[in-house]
Amino acid sequence: MLRRPTTLACLAALALAACSGPASDATAPRVPSLPLVAHGTAPFWWLRIDQESVAFGTLGDAATFVADVAPPLSPEGGGGWRCLAGDGERRLEATLVPRVDSDPGTGMPYPFTVTVRLDDAEWRGVGGDPGQLLRGFPWVVLQAGAMQPLANLRPTLEFRPGGVLVFAAADGCTTGTWKVDGGVLQLTGFGSLMAPFRDALASARAFSITAGGELVLKCEGVVVLRATRGHG
């Protein structure tokens, strides 16, 4: 009986090693990927920055400011980024700070807080790809539903580029899909897992990152899974 946990721990380590691939996007929360979209509310505004241009609007999808920009983003002290653009008459300045913040309407976390200055006015909001907060390293599962796996038998979740999600446990790996679309998290392909993990992943519709760096998956405000950042 004393040897079984050690054996299972070894099997778990082998399974995780077999499932893991090279870590990617490890610095994603600090390096914006383009095109980058930012937005804010009260009042509503949106910003889009791509490789060649920047567009800004405050009413629906119609841009109220459009300009060419090169380079699109320049690094600033403290890990931040800045975009400067002019259309001949006006000048827009956007500042991106790598700090996790949530959309007040959907609760979705974003990797950057964004400030836009134009026409002597200032707008504040969030931006970047929420998926950047998930990719680049495995997440060690601490709890799924009411189940708390033993410390040496905790499975991992790895959100990979291209929408590939790998669940690695002592008995092997299961590969499914993930995406964040319209403020909703969708995880599919895990019907063969043990009930606590299967149900948690199938029901998850939102996620948050706590101040301590934990990943929390939720369904209608109820926590269904908690995980902590592992090593890539």
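See the structure printed just above.
Residues numbered from 1 in each chain as written. Predicted model: local features only at pLDDT ≥ 70, side-chain atom pairs only at ≥ 80, totals over all residues. Heavy atoms only, no water.

Caption draft 1: Highlighting the sheet that holds strand β17 (residues 222-229). Here eight strands make up an open sheet; going across it, the order is β14-β13-β12-β11-β10-β17-β16-β15 and the pairing antiparallel. Two strands lie at the open edges of the sheet, namely β14 (184-188) and β15 (206-209), each paired on one side alone. Between one strand axis and the next, the sheet turns through 30 degrees on average, direction left out of account. Taken together, the five bridges between strand β11 (residues 156-160) and strand β12 (residues 164-169) define a ladder with antiparallel strand orientation. Paired with R160 across the strands is V164, a residue of β12. (Pairing = 2+ DSSP bridges. Helix = DSSP H or I, 4+ residues; strand = E, 2+ residues; numbered from the N terminus. Axes fitted to C-alpha atoms, helices over the stretch in contact; angles between N-to-C directions.)

Caption draft 2: Here's a closer look at the pairing of strand β3 (residues 53-57). Burial within β3 is extensive, with four of its five residues counted as buried. Linking strand β2 (residues 45-49) back to β3 in an antiparallel pair, the connection comprises three residues. Pairing geometry for β3 and strand β4 (residues 65-68), over four bridges, is antiparallel. Bridge assignment links V54 to a residue of β4, and that residue is A67. (Buried < 20%, exposed > 50% of the residue type's maximum accessible area, 1.4 Å probe, protein only.)

Caption draft 3: Quick look at the pattern of salt bridges. Overall, the coordinates contain 11 salt bridges when judged by the stated rule. Measuring nitrogen to oxygen at the nearest pair gives 3.5 Å for the salt bridge that ties R90 to D87. A relative accessible area of 26% means that R90 is categorised as partly exposed. A salt bridge links E158 to R160, with the nearest nitrogen and oxygen atoms 3.3 Å apart. Overlapping salt bridges bring together E76, R82, R91 and E93 as one network. (Salt bridge = Lys/Arg side-chain N within 4 Å of Asp/Glu carboxyl O.)

Caption draft 4: Examining the sheet that holds β4 more closely. One open sheet holds the nine strands; their spatial order is β4-β3-β2-β1-β9-β8-β7-β6-β5, and the pairing between them is antiparallel. Both outer strands of the open sheet, β4 and β5 (74-75), are each paired with one neighbouring strand and no more.

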